[in-house]
Amino acid sequence: ASKIQPEIDASLRRLLLVELDKAKKVGTVAALDALIQKYPDNGLGPELGAVRHTLYAQALAAWRKKATPDAATSAFVERLLGSAEKSGSAACEVRFRQQPSKTLDDADQKTMKNSHYPGPDALPSHYVTTAALRTREQRVAQDLVTGFVADFPADVLALKAGDPLDADAAVPNKVPTLVVTYAPEWSHANTQSLKPPTVFSGINFAFDGSFVLPDGSPPLSVKTKAWRGAELWKMKSDGMTREDFEQKVYDSMIDGAFDQLSKKLSDTFL
């Protein structure tokens with residue numbers, strides 16, 4: 001009920017503007033959030049909003065200059081940052097959704113009929129397993145996370161590797177999420193090995209990435225296909241058991257496919 005309340009309010013506002021100027025000089029969203037937390041009733045909504053928007057715009061401009069993205073990716077990342085600015089959360093995720101193979105059983109059957117088939121441990125399903133693919137998913141996800149750390153301030157956009165999704169799981173919509181859906185499929189081509197005597201099935205991977213936003217706007221699609229055959233001319237089996245050699249060949253196929261995916265994601269976003 002003070003008679004000089006207008007003067008008090010004006011003085012408080014001047015002091016809060018000084019604090020805002022200090023936070024502005026720090027140049028981070030975290031500094032603005034700290035100011036808001038310290039002075040929740042600051043009355044600086046428009047001013048804070050303008051400074052915050054400038055920080056997101058600067059992050060977008062710096063990323064565009066470094067990554068030189070195509071038009072579709074550039075427009076999507078602008079919307080991605082807009083979503084982060086609006087929600088006040090930097091969190092986003094990359095998650096894999098592995099589908100059951102439709103043809104790996106056929107590859108097993110074809111392998112068993114080959115004259116070079118040495119036994120059950122040579123079946124492609126023995127090597128192309130969910131566990132083996134999960135380790136490659138984690139590597140690709142971490143590569144992308146590392147790239148985002150280098151390209152975006154952590155308080156603007158913070159990508160993390162989320163848990164794998166079930167094959168029939170819906171696309172998450174709580175935070176912006178890049179979902180990579182795929183299944184290992186037989187290429188319908190087999191390669192015989194004379195030394196050691198065995199047979200390998202080629203494997204196809206069709207990676208279908210969809211980066212979705214919580215607002216339901218059109219996602220960004222990132223797709224790549226990888227056909228991997230047994231590149232025996234690159235492999236040496238000297239001193240190796242047949243089983244170890246088979247492991248090495250299938251590891252090379254799987255690694256090659258996920259390396260291709262990692263490069264596609266890097267070329268798209270980084």
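Right above here is the structure, for reference.
Thresholds applied
Residues numbered from 1 in each chain as written. Predicted model: local features only at pLDDT ≥ 70, side-chain atom pairs only at ≥ 80, totals over all residues. Heavy atoms only, no water. Helix = DSSP H or I, 4+ residues; strand = E, 2+ residues; numbered from the N terminus. Rg over C-alpha atoms; globule rule 2.2 N^0.38 Å. Buried < 20%, exposed > 50% of the residue type's maximum accessible area, 1.4 Å probe, protein only. Contact = heavy atoms within 4.5 Å. Areas by Shrake-Rupley, 256 points an atom, 1.4 Å probe, with all protein chains shown as cover. Lys, Arg positive; Asp, Glu negative; His and termini not counted. Charge placed at Lys NZ, Arg CZ, Asp CG, Glu CD. Axes fitted to C-alpha atoms, helices over the stretch in contact; angles between N-to-C directions. Parallel < 35°, antiparallel > 145°, perpendicular 65-115°, else oblique. Left-handed = near helix turned anticlockwise from the far one by under 90°. Nonpolar A, V, L, I, M, F, W, Y, C, P; charged D, E, K, R; others polar. Salt bridge = Lys/Arg side-chain N within 4 Å of Asp/Glu carboxyl O. Polar contact = N/O pair within 3.5 Å; in protein donor to acceptor, adjacent residues only side chain to side chain. Arc of directions from axis to C-beta.

Student: So, the overall build of the chain: which residues are in play, and what are the values?
Tutor: Secondary structure assignment for the chain yields seven helices and six strands. Ordered by position from the N terminus, the helices and strands of the chain form the series α-α-α-α-β-α-α-β-β-β-β-β-α. By the compact-globule yardstick of 18 Å for 270 residues, the chain is too spread out, its C-alpha radius of gyration being 26 Å. If you line up the chain on its principal axes, its C-alpha atoms span 100 × 35 × 30 Å. Put simply, the chain has 270 residues, and 44% of those count as buried. Pairs at least 24 apart in sequence give 72% of the contacts found in the chain among residues at least 6 apart. In the structure as shown, the chain presents an accessible area of about 14,400 Å², 55% of it carried by carbon and sulfur atoms. For the chain, the centre of its 33 positive side-chain charges and the centre of its 34 negative side-chain charges are spaced 4 Å apart.

Student: If you had to explain the packing of helix 6 (residues 130-151) against helix 7 (residues 242-269) to someone new, which residues and values would you point to?
Tutor: In contact at an axis separation of 10 Å, helix 6 and helix 7 are set at 25° when each is read in the N-to-C sense. Between helix 6 and helix 7, the interaxial angle falls into the category roughly parallel. Here helix 6 runs over helix 7; the crossing is right-handed. Two secondary-structure elements touch here, helix 6 through Leu-133, Arg-136, Glu-137, Arg-139, Val-140, Asp-143, Leu-144, Phe-148 and Asp-151 and helix 7 through Asp-251, Ile-254, Asp-255, Phe-258, Asp-259, Leu-261, Ser-262, Leu-265 and Phe-269. Here the residues of the contact of helix 6 with helix 7 sort into nine nonpolar, one polar and eight charged.

Student: Summarise the pattern of salt bridges; cite the residues concerned and give the values.
Tutor: One pass over the full model with this rule turns up 17 salt bridges. The shortest N-O distance in the salt bridge between Arg-136 and Asp-255 comes to 2.7 Å. Remark: Asp-255 occurs in helix 7 and Arg-136 occurs in helix 6; sequence separation between them is 119 residues. When the shortest N-O distance is used, the salt bridge between Lys-263 and Asp-267 registers 2.7 Å. Residue Lys-263 and its partner Asp-267 are both found in helix 7; the two are separated by four residues, about one turn of the helix. Taking the relative accessible area as the measure of exposure, Lys-263 reaches 52% and is therefore exposed. In the salt-bridge network here, residues are joined through shared partners; they are Arg-136, Arg-139, Asp-251, Asp-255 and Asp-259.

Student: Provide a residue-level description of the packing of helix 1 (residues 5-26) against helix 2 (residues 29-38), including the pertinent values.
Tutor: Their axes nearest at 7 Å, the elements helix 1 and helix 2 cross at an angle of 155°. With respect to helix 2, the axis of helix 1 lies roughly antiparallel. Crossing angle aside, the handedness with which helix 1 passes helix 2 is right-handed. In this structure, helix 1 contributes Glu-19, Leu-20, Ala-23 and Val-26 to the contact, and helix 2 contributes Ala-31, Leu-32 and Leu-35. Each residue belonging to the contact of helix 1 with helix 2 can be placed in one class, and the counts come to six nonpolar, no polar and one charged.

Student: Account for the side chain of Ser-217, naming residues and giving values.
Tutor: As for its placement among the helices and strands, Ser-217 is situated in the loop between strand 5 (197-212) and strand 6 (220-228). Engagement of the side chain of Ser-217 in a polar contact is seen with the side chain of Arg-79, the distance being 2.7 Å. A polar contact of 2.7 Å, which involves the side chain of Ser-217, links it to the side chain of Asp-215.

Student: Give me the side chain of Glu-246: which residues, what numbers.
Tutor: Take Glu-246: it is sitting in helix 7. Reaching out from Glu-246, the side chain makes a polar contact with the side chain of Thr-198 at a distance of 2.6 Å. For Glu-246, the contacting residues outside a window of four places in its chain are Pro-118, Asp-121, Ala-122, Tyr-127, Thr-198 and Phe-200.

Student: Residue-level account of helix 5 (residues 104-112), with values.
Tutor: Every buried residue belonging to helix 5 is among Leu-104, Ala-107, Asp-108 and Thr-111, and all of these are buried. Here the buried residues of helix 5 occupy an arc of 100° about the axis, which is enough to place them on one side.

Student: Got a sec to walk through unusual backbone geometry? Specific residues and values, please.
Tutor: Peptide bonds are trans in most cases, and residues, glycine excluded, mostly fall at negative phi. Residues Lys-195 and Pro-196 are joined by a peptide bond in cis, for which omega reads -5°. You can see Pro-196 is positioned in the loop between strand 4 (184-194) and strand 5. Unusually for a residue other than glycine, Thr-68 sits at a positive phi of about 45°.

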